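Listed below are the residues making up each chain.
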Amino acid sequence: MRVLRRLRFVLGDRGGPLVGTLILFAGVIATLVAIWGAGSIKRGEIDLGQYMVRHLRYTYAEIVALEGLLATAATTPGDPRAHAVVADAADRFYVRLDMLDSLSRGPMTDPGTVFAPLARDLMAGLDALVAAGAPLDAGRVAATRDLASALVRETNDYTRGIETRIDEALRRQISETNRAWVGVVGSVLMLLVLSILSVGLFSRNRSIVSQLRTASGRDSLTGTANRRGFTEWARRMEAQDASPHAVLILDLDRFKAVNDRLGHPAGDAMLEAASSWLRREFGEDGIVARWGGDEFVVAVPLGRGGVADLRARLDARRARPVTVDVGGEIVPIAFSCGIAVWPADAPTIEEAITCADAALYAVKESGRGATMPFAPGLMTKRRRVEALRDGLARALAEHELFLEFQPQVDVLRGTVVAAEALVRWRCGRTGRIVPPGEFIAIAEQSGQIATLDRFVLEEACRAAARWREAGLALRVAVNFSPHGFRSAVLAREVAETLARWGLAPEDLEIEITEGVLLAECEQVGASLAALSAMGVRLALDDFGTGYSNIAYLVRLEPDLLKIDRSFLVEGDPDTRASVLQGVLRLAEALGAETLVEGIETPEQLRFATGAGCSLVQGFHFARPMAAEAIPGFCRDFAQRARAARTGAPAAGAAVALAS
Ligand code: C2E
Ligand code: MG
Ligand code: MG
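Residues numbered from 1 in each chain as written. Chains lettered and ligands numbered in written order. Predicted model: local features only at pLDDT ≥ 70, side-chain atom pairs only at ≥ 80, totals over all residues. Heavy atoms only, no water.

## Regarding the coordination of the magnesium ion (ligand 2)
Donor atoms from the polypeptide that bind the magnesium ion (ligand 2) are Glu420 (OE), Asn479 (OD1), Glu511 (OE) and Asp541 (OD), placed at 1.9 to 2.2 Å. Taken in chain order, the donor set of the magnesium ion (ligand 2) reads E-x58-N-x31-E-x29-D. Here the magnesium ion (ligand 2) and the magnesium ion (ligand 3) are spaced 3.9 Å apart, linked through Asp541, which binds each one. Within this pair, whereas Glu420 is found in strand S9 (residues 415–426), its partner Glu511 is found in strand S12 (residues 508–512), the two being separated by 91 residues in sequence. (Donors = N, O, S within 2.8 Å, 3.2 Å for Na, K, Ca; no water. Helix = DSSP H or I, 4+ residues; strand = E, 2+ residues; numbered from the N terminus.)

Written as C-alpha cells, this is what we have:
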C-alpha cells in the first residue's frame, strides 16, 4: 500500500485511472501479439503439400493399374481387346500427368526427383505402343511395363518424402501453436493481474483524494472544521433549505496578550481549550469552525429560545469561564461574540457571517467581553469603518494628515507652558476634516498606528523647533497610542527625532492613556522606563476615566496628570470639588503636576483654580490651532496676563485672562 500511495503522489490525482488505462491497453496489445504469433504458422505450405499428396496417390493408383494392364497384355499380346484397354489406360495416365503439371510445385517441376523424365518416357512408350495398333507388340509392351514399374517406385518414394515433410511441418505447427497459447494464457493472466492492480490503484487513489479533502476541511491545530469545511457544510445546508440557524462569530479577548506574554504554546493551548468547549456546547447540533487566528464561527439550529437563549448560554459561560493551565498559571478564556440569524438576517450563511462579524465589531468597539445580536444599523457602521480604514492608508501615503496644537496654560503665572499636538485628517475626496476620534481606533486595529505615531512625533518636533527659533520656550505634548510602547525601538526613535530637530528631551511630553498601563507586556514597561530615564516628560491623559490602580501609577511616576473634563461636568459640585482635591493630593504624593482638561466656561476655570489647579487647557482659552498661530497666541496671552496682573488679584486675573 505504501508503494501505491507513493505512486499516487507521483502521478497526482488522476494517476490511478491513467495508469489503469495504460496497463489495460498494454495488456490488450500483448494478447493480440500472442494470438497473431500463433496464427503466423504457414498453413499454406501444409495445405499445398496435402493437395499434392492426394494427386500423387491418384497418379500412383493409375500407374499401378497401368502396370497391371501391361503385365496382362504381355501375356496375351494378340488379344484384340488388349489394344483398346491399354489405349484407355494411357489416356487416364495423360489426364493425371496434366493434373500434376498444373501444380505450382510438385514432381513435374522438382529437380530432386526423376519422376518427370520417367513419366515422359512412359508417355512416349505408351504413345508408340498405341500408335503401332493391334495386336500389341510384345517387346514394346514389356519395355513400357518396365517404365511403368520404375515410375510406380519413384512415385511411391516421392510421395513418402512429401508425406514426411508434411508430418514435420505439422509437428512444428503443433509445437508453435502450443507455445503461442502459452503466450496467450500468459498475456491474459498478466491482463488480469494488471487490471486488479489498476482497480486497486484507482480505488486507493479515490480514497486518498477523499481523505485529503476531508483533511483539508479541518483545522490542523484544533481539529474543528476550517473555513473550507464550514463553507462546504454551509452549501449543503443552503441546498437542503435547512431550518433557520444562528451564526455566531467569537473572538478570544486578550489572546494576543497571552501569546506575547506566555508564548505560542500557551496561545495554542488556549485555542484548543476554546475549541473543545465550543464543540461540547454546540458541536452536537451544529458545526464549529476555526475561522483563523483567534476567531471561531459556530452555526446551530435556532431553538425555541432563539438568540436570547444563546446569549444566556454564552453569558453563563462568561461568568464561569473555561480556563487553561499554562505552566501553572490559570488563564481564563474570555471572548466577544456577534450573532446573526440565517436566513432572517441574510439570504446566505456566508452573508450571515458578515452580519455576525459586524455585531462582533461593535462589541469590540464598546470594550469587548459581550455578546451582541446583529442589527441592520451595524452593517452601515461597519462599512463606514472599512471605508475609513482604506481611506486612512491613502491619507498616510498622500499627506492628508496634519497637526493642530492646543495651548496648555498656567493661569497663575500667566504663561503658555505647552501645546498639545492633535492630529487631523483632511479627506482628499470629500474635503471633510475627520476628527481623530473617528480614525485613531481604526488605525490601531489595522496596524497603521505606528506610521501615524511616527508622523505626529516628527511634525510636532518640527513645530517645536520653529517655536524655539521664534524665541518661545514651549513644550510640545504628543499623544502616543498604547500600541507604540510594544516596540523595542520606540525610545531610540524618539531620541533620534529629538536630536534631528535639536530639541532637549524635556521639550517633549508624551501623553499616554491608562490603557497603556494595563498592557501585560514587559516591553511597555521597558519603553516607558527608557523614555523617562532619557528625560522625556510623561503625562497621564484623561486621568479618571480608566481603571489604573495605584501600584501602576507609582511605578509609572508620571510628570503630569491630565484630569479629564468629566470632573468638571459630572456629579454635584461639592462632590466634584472634593474628588478633584483628592486627585490633586494623589498627584502631589506621586510628585506629579496636574492639569485640568476641557475648560469651556469661566465657572469651570474657577472650579479648577479654586481646587488648586492652575494648569489648564480648553476651548475657553483656545481651540486647537495651526502651529504657525501658536507664537501669536503666546504673545497675546502674555500681554493679557500682564494687563490682568496689574489690575486684579490672582484668581480673578486667571479668569480675566480667558475672557
Ligand atoms: P485628548 O488627548 O484628550 O485630546 C484632547 C481632546 O479634547 C481634543 O480632541 C481636543 O480638541 C478636545 N478638547 C480640548 N479642549 C476642549 C474643550 O474645552 N471641550 C471639549 N469638549 N473638548 C476639548 P480631539 O482633537 O478630537 O482628540 C480626541 C482624542 O484623539 C485625543 O484626546 C487623543 O486621545 C486622540 N488623539 C488626537 N491626536 C492624536 C494623535 O496624534 N495620536 C494619538 N495616538 N491620539 C490622538
Ligand atoms: Mg491628549
Ligand atoms: Mg485628554
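## Brief notes about unusual backbone geometry
Trp342 connects to Pro343 through a cis peptide bond whose omega is 10°. Of note, the phi angle at Arg368 is positive, near 65°, even though the residue is not glycine.

## Topic: the side chain of Asp541
Position of Asp541 among the secondary structure elements: in strand S13 (residues 537–543). The side chain of Asp541 is buried and forms no salt bridge, while Lys562, the nearest opposite charge, is found at 4.2 Å. Apart from residues no more than four positions distant in its own chain, Asp541 is found in contact with Glu420, Asn479, Glu511, Ile512, Thr513, Lys562 and Glu597. (Buried < 20%, exposed > 50% of the residue type's maximum accessible area, 1.4 Å probe, protein only. Lys, Arg positive; Asp, Glu negative; His and termini not counted. Salt bridge = Lys/Arg side-chain N within 4 Å of Asp/Glu carboxyl O. Contact = heavy atoms within 4.5 Å.)

## Regarding the packing of helix H7 (residues 227–240) against helix H11 (residues 349–365)
Relative orientation of the contacting elements H7 and H11 amounts to 120°, with a least axis distance of 9 Å. Relative to H11, the element H7 lies oblique. Packed against H7, whose contacting residues are Phe230, Trp233, Ala234, Met237 and Glu238, the element H11 presents Ile349, Glu350 and Ile353 at the interface. Looking at the contact of H7 with H11 residue by residue, the classes come out as 6 nonpolar, no polar and 2 charged. (Axes fitted to C-alpha atoms, helices over the stretch in contact; angles between N-to-C directions. Parallel < 35°, antiparallel > 145°, perpendicular 65-115°, else oblique. Nonpolar A, V, L, I, M, F, W, Y, C, P; charged D, E, K, R; others polar.)

## Some details on the layout of surface pockets
Space inside the second largest pocket adds up to approximately 450 Å³. Every residue lining the second largest pocket is counted, 20 residues in all, and those nearest its centre are Glu45, Ile46, Arg105, Arg165 and Ala169. For the lining of the second largest pocket, the secondary structure elements donating two or more residues are helix H3 (43–75) and helix H6 (138–216). Counting residues per element, the lining of the second largest pocket draws most heavily on H6, which supplies 9 residues. (1 Å grid on protein atoms, 1.4 Å probe; cavity = no way out; pocket = protein on both sides within 12 Å on 5 of 7 lines; lining within 4 Å. Points joined across faces, edges and corners; volume = space filled by probe spheres on them.)

## Some words on the site of ligand 1
The environment of ligand 1 is made up of 23 residues, and the closest members are Arg424, Asn479, Asp541, Glu600 and Phe619. Here Glu420 contributes a side-chain N or O atom positioned 2.9 Å from an oxygen atom of ligand 1. Residue Ile599 places a main-chain N or O atom 3.5 Å away from an oxygen atom belonging to ligand 1. Within the complex, 80% of the 800 Å² of free accessible area of ligand 1 lies under protein. Residue assignment for the shell around ligand 1 shows that the elements contributing at least two residues are S9, helix H13 (436–446), helix H14 (449–469) and S13. The element contributing the most residues to the shell around ligand 1 is S9, with 4 residues. The class makeup of the residues in the shell around ligand 1 is 9 nonpolar, 5 polar and 9 charged. (Near = heavy atom within 4 Å. Polar contact = N/O pair within 3.5 Å; in protein donor to acceptor, adjacent residues only side chain to side chain. Areas by Shrake-Rupley, 256 points an atom, 1.4 Å probe, with all protein chains shown as cover.)

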